[in-house]
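Here are the chains, one letter per residue:
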Amino acid sequence: MLPFARYVLTAALPAMMLLSVSCGDRSGGEGLLPIARKALGDTTSIYYGDFSAYPEDLSALPIGVFDCSHGGFSVIDRFLTSDSFDNITGRPGADGIADFGGEYFQLLYDRANGPYGGYVEAGNPSFLKEQVVRNTLFLMGDKYYNLAVDEYQSGYKDPVKILLVSSPVADYYALSDIGAMLGSSGTGVKAVGVIESGIEDALEGVDEDGNFCVGVLYSPDGVEAREYETAIREMASERGIAGRIQIFNQEAVGITAALNGDPAYIDTSAAVARSGYEGPVAGISYNNIDASVYDRYNFDTGGNALLFPPGSRDVSGVQLNSVENYVRYHLVSLVERHRRSGSKTPISSIILADGSFERVRGFMDQVMVELYDYKRGGIYLYRSSISPDFRFIDPAESAVNEVYRILREDGNLALRGTKSMLSSFITLPSSSVPAEYLDAEGNLSESFRFSRSSGTEDITTKAVPFASRYVSREEMEDIGGNTETFSLIRNSLY
C-alpha cells in the first residue's frame, strides 16, 4: 500500500454508467486481470461499473485512442486524413472522401504514467497491464476531473465505441488483457492494436510457397526485436503459414533522437567529429558503420551532415550528423544483412515500429528505390533482396484501417455529414501525491512511477482536459504539427 490515502481514479473512472454484462458470470472470467474482475463484478471497488448501462447503439459514440506519448495526436491526424476505402462499397481504394468524415474522437495522452517501457525495464509489467486497463475504463467512462486538484469528477463525456491502442508497448503487453475484459463486458466495444494490425498487413507478403521475409525497424526505447519477432511468428502460425519465415530486425539507433534534436546524435553547429556522440561508429559488429559497404550508404557529405576527425577523411572516424544519414545507414544495414544471408526470399516489407519514423517515410522510400537500382560491376546487387512489390508498413496506418473495417462490418460508422470533433485528455499527478514522490518538474519521480504496486486501489494520477500549459513549448509545437488534429483542439487549449 502507498503511504498515503486512497485517491480518485487514475484516468478517471466513470461513476454513473460504467457498465455490466447483462448475462453470464461477470466476476470470474478466465484470463481476466484482477482490476478487470473488479470492474466487471466487484460492487465495492472504485473500478466497478454497471456495463449493462452502456449505450446499445454504438455508432454515435467517439473512437477512442490512448498512448503514453504525444504520438497519439498524430494517430488522430491519421484518422482525420485517411482515405483508404471507397465509402460507398467499403472496398479498399481511395475515393477522395475522408473515411472517418463526421466521426468524433477521444484521445487520452497518458503522460503521467509513461513511458510504458519503463515498467518493463523495472521488472514491473503487472502495473503496466493494470494501467492500460485503467485507460480503457476511462475511455469507456462518462466522467472526468476538470483539474488534478479536484476531489470529484464533475466533467461529463461520452464513452467510446472502439479503442485503438497506439502504444506498441501497451499493445504487446496488455492488448489481450483489454480484449478479455471487453469480451466479458457485453458492450460490443472492441480494441485494435498497432502491432497486430501492422503484422497482419505484412503477412500479405507471403509468397506462393508459404515463405515470408520481413524487416522490422524498431526504436531502442520501444518494443524489442525479440518481442516483435515473437508476435510475427505467432500470428504466422495462427494463419497456417507453413513456409520459412525470416525476420531481419534493425535497431534504429539515432533516427528518432536526431529528429528530436538530441545533441548526442546530431549537432548542427559541429564541423568535425566530436565528443559526446552516441550514434553508429565504424566497426565490424552489429550497428557499426561497415567500411566495406561505405559506397552503398551513399551518405550526404554536404555541409556538416557527415563529420570526420579534424584534418582527416578517414572513414574509421566518421560520425553521422543528419537525420537522412541515419536513415541511410539503417536501411542499407538491414538490406545488406539480408544479401549476405543468402536468403532466396526477398524482403516484402519493412515494418516501421516507431510512429516517429513516419516523419521520414518519403525519404525512406527514396533510399529503397536507390538500393533496388544499385549496380556494381553491372550487377543489380540488391534486386534479389528487395521485392519488386516492396512497401513500408506504418502500423498506425494499418490500425486506423482496421478500425474502419471493424466499424463498417459492425454497422457502427457514424455517417455524419458534420465536422469531426475531438476531446483530448492528459494524465497528471494527483494533487494528493506527497512531494517526495515528485521530481523537480512536478511529475511522478521515475523511482516511484515505475515501482508502484498493482492490485491496490491507490490512485496517483488523474485524467483532465488537455491544455498547452501541461506540456513544454517544444512538445506543443510537435503536437501543433498535426494540422488537422490541432484545428479541432486549438480553441480549447488556452
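Going along each chain's sequence as written, the residues are numbered from 1 onward. Restriction of local features to residues with pLDDT of at least 70 applies here, the model being predicted, together with a cutoff of 80 or more for giving and counting side-chain atom pairs; totals for whole chains, interfaces and linings are based on all residues. Water and hydrogen atoms play no part in the side-chain values, which are based on all heavy atoms of the structure.

Visitor: Can you help me understand the packing of helix H6 (residues 194-202) against helix H12 (residues 395-409) in this one?
Guide: Helix-helix packing: each pair is described by the crossing angle between the helix axes and the interaxial distance. Contact geometry for H6 and H12: axes closest at 7 Å, N-to-C directions at 90°. Judged on the interaxial angle alone, H12 and H6 are roughly perpendicular. Contacts from Val194, Ser197, Gly198 and Asp201 of H6 reach H12 at Pro395, Ala396, Ser398, Ala399 and Glu402. In the scheme used here, Gly and all other residues not listed as nonpolar or charged are polar, with Ala, Val, Leu, Ile, Met, Phe, Trp, Tyr, Cys and Pro taken as nonpolar and Asp, Glu, Lys and Arg as charged. Split into classes, the residues belonging to the contact of H6 with H12 amount to four nonpolar, three polar and two charged. Here an axis means a line fitted to C-alpha atoms, over the contact stretch when the element is a helix, while the angle between two N-to-C directions is reported on a 0 to 180 degree scale. We count a stretch as a helix when DSSP gives it H or I for four or more residues in a row; a strand needs E for two or more, and each element gets its number in order from the N terminus. Angle categories: roughly parallel below 35 degrees, roughly antiparallel above 145, roughly perpendicular from 65 to 115, and oblique for all the rest. Contact criterion: two residues are considered in contact whenever any of their non-hydrogen atoms come within 4.5 Å of each other.

Visitor: Just checking my understanding: could you explain the packing of aromatic side chains for this structure?
Guide: Two numbers describe a pair of aromatic rings. These are the distance of the centres and the angle of the planes. Ring geometry is summarised as follows: Phe, Tyr and Trp rings, the Trp one being its six-membered ring, pair when their centres sit within 6.5 Å, and such pairs are stacked at plane angles under 30 degrees, edge-to-face over 60 and tilted between the two. All chains considered together, the criterion is met by 18 aromatic pairs. Note on Tyr297 and Phe299: the rings are 4.8 Å apart at their centroids and 20° apart in plane angle, and the pair reads as stacked. Each of the two residues, Tyr297 as well as Phe299, counts as buried. For the pair Tyr437 and Phe448, a centre-to-centre distance of 4.5 Å together with 35° between the ring planes defines the contact as tilted. One end of the pair, Tyr437, is in the loop between strand E15 (421-429) and helix H13 (446-449); the other, Phe448, is in helix H13, and eleven residues separate them in sequence. In terms of burial, Tyr437 and Phe448 fall into one category: buried. To sit over a ring, a charge needs its Lys NZ or Arg CZ within 6 Å of the ring centre and within 35 degrees of the ring normal. Positioned above the aromatic ring of Phe138 is the side chain of Lys157, whose terminal nitrogen or guanidinium carbon lies 4.7 Å from the ring centre. The residue whose ring lies beneath Lys462 is Tyr145, and the NZ or CZ to ring-centre distance is 5.0 Å. The rule is simple: take the accessible area with a 1.4 Å probe, protein chains only, and divide by the maximum for that residue type; under 20% is buried, over 50% is exposed, in between is partly exposed.

Visitor: Looking at this structure, how should I read the side chain of Asn135?
Guide: Within the secondary structure layout, Asn135 lies in helix H4 (residues 125-139). Identification of polar contacts relies on pairs of N or O atoms within 3.5 Å, with a donor-acceptor requirement for protein atoms, meaning one able to donate a hydrogen and the other able to accept it, and with residues adjacent in sequence counted only if both atoms are side-chain atoms. At a separation of 3.1 Å, a polar atom in the side chain of Asn135 contacts the side chain of Asp110.

Visitor: Is there a simple way to think about the sheet that holds strand E5 (residues 162-165) in this case?
Guide: Paired through backbone hydrogen bonds, the strands of a sheet run either parallel or antiparallel to each other. Reading across from one edge, E6-E5-E1-E2-E15-E16 is the order of the six strands in this open sheet, with mixed pairing throughout. Of all the strands in the sheet, the pair left with one neighbour each is strand E6 (190-193) and strand E16 (461-465). Looking at each pair of strands side by side, their axes are set apart by 20° on average, direction ignored. Here strand E1 (residues 63-67) runs beside strand E2 (residues 104-109); their pairing, made up of five bridges, is parallel. Each residue of the ladder has a partner; that of Phe66, found in E2, is Leu108. Here H4 sits on the sheet and contacts E1, E2, E5, E15 and E16; the angle it forms with E1, its principal contact strand, is near 150°. Being paired, for any two strands, means DSSP has found at least two bridges between them.

Visitor: How do you make sense of the pattern of salt bridges when you look at a structure like this?
Guide: If charged atoms from side chains of opposite charge come close, those side chains can pair. Salt bridge, as applied in this entry: a Lys or Arg side-chain nitrogen positioned within 4 Å of an Asp or Glu carboxyl oxygen. Applying the stated criterion across every chain, the model contains 25 salt bridges. Salt-bridge contacts for Lys38 lead to Glu457; the nearest nitrogen and oxygen are separated by 3.3 Å. Here the residue Lys38 occupies a position in helix H1 (residues 34-41), and Glu457 occupies one in the loop between H13 and E16, the gap between them amounting to 419 residues. Taken as a pair, Lys38 and Glu457 share a single burial class, namely buried. Here Arg391 makes a salt bridge to Glu204, at a shortest N to O gap of 3.5 Å. Taken together, the residues Arg391 in strand E14 (residues 386-393) and Glu204 in the loop between H6 and strand E7 (212-218) connect sequence positions 187 residues apart. According to the relative accessible area criterion, Glu204 is exposed, its value standing at 60%. Several salt bridges share partner residues, and in doing so they unite Asp290, Asp295, Arg296, Glu336, Arg339, Arg340 and Arg376 into one network.

Visitor: Would you take a moment to explain the layout of surface pockets for this structure?
Guide: Here the idea is plain: a probe the size of a water molecule rolls over the atoms and shows the empty space left. In this structure, the second largest pocket encloses a volume near 380 Å³. Lining the second largest pocket are 23 residues, with Leu175, Glu196, Ser197, Met235 and Arg239 sitting closest to its centre. At the level of elements, helix H5 (168-185), E6, H6, helix H7 (225-238) and H12 are the ones that each hand at least two residues to the lining of the second largest pocket. For the lining of the second largest pocket, the element with the most residues is H5, which contributes six residues. Partitioned by chemical class, the residues of the lining of the second largest pocket number nine nonpolar, five polar and nine charged. Space inside and on the surface of the protein is sampled on a 1 Å grid over the protein atoms alone, with a cavity defined as a set of points where a 1.4 Å probe fits but cannot get out and a pocket as an open set with protein on both sides within 12 Å along at least 5 of 7 lines; lining residues have an atom within 4 Å of a point. Grid points are joined across faces, edges and corners, and a volume is the space filled by probe spheres set on the points.

Visitor: Mind showing me how you'd approach H7 here?
Guide: The periodicity of an α-helix, 3.6 residues per turn, causes residues three or four positions apart to be oriented the same way. Compared with an ideal rise of 1.5 Å per residue, which puts 14 residues at 20 Å, H7 spans 20 Å between its outermost C-alpha atoms and is within 8% of the ideal. Along H7, the residues classified as buried are Ala225, Glu227, Tyr228, Ala231, Ile232, Met235 and Ala236. In this structure, the buried residues of H7 make contact with H5, H6, E7, strand E8 (245-251), strand E11 (347-352) and H12. Here the expected span of a helix is defined as 1.5 Å times the quantity of residues minus one.

Visitor: What is the right way to read unusual backbone geometry from this model?
Guide: A negative phi holds for most residues other than glycine; trans holds for most peptide bonds. Backbone torsion omega between Gly114 and Pro115 reads -5°, so that peptide bond is classified as cis. Here the phi dihedral of Asn287 falls at roughly 60°; this positive angle occurs in a residue that is not glycine. Inspection of the secondary structure assignment puts Asn287 in the loop between helix H8 (255-259) and helix H9 (294-297). We note that Asn298 has phi near 55°; this positive angle belongs to a residue other than glycine. Topologically, Asn298 is positioned in the loop between H9 and strand E9 (306-307).

Without other data, these values stay purely geometric and don't point to any function.
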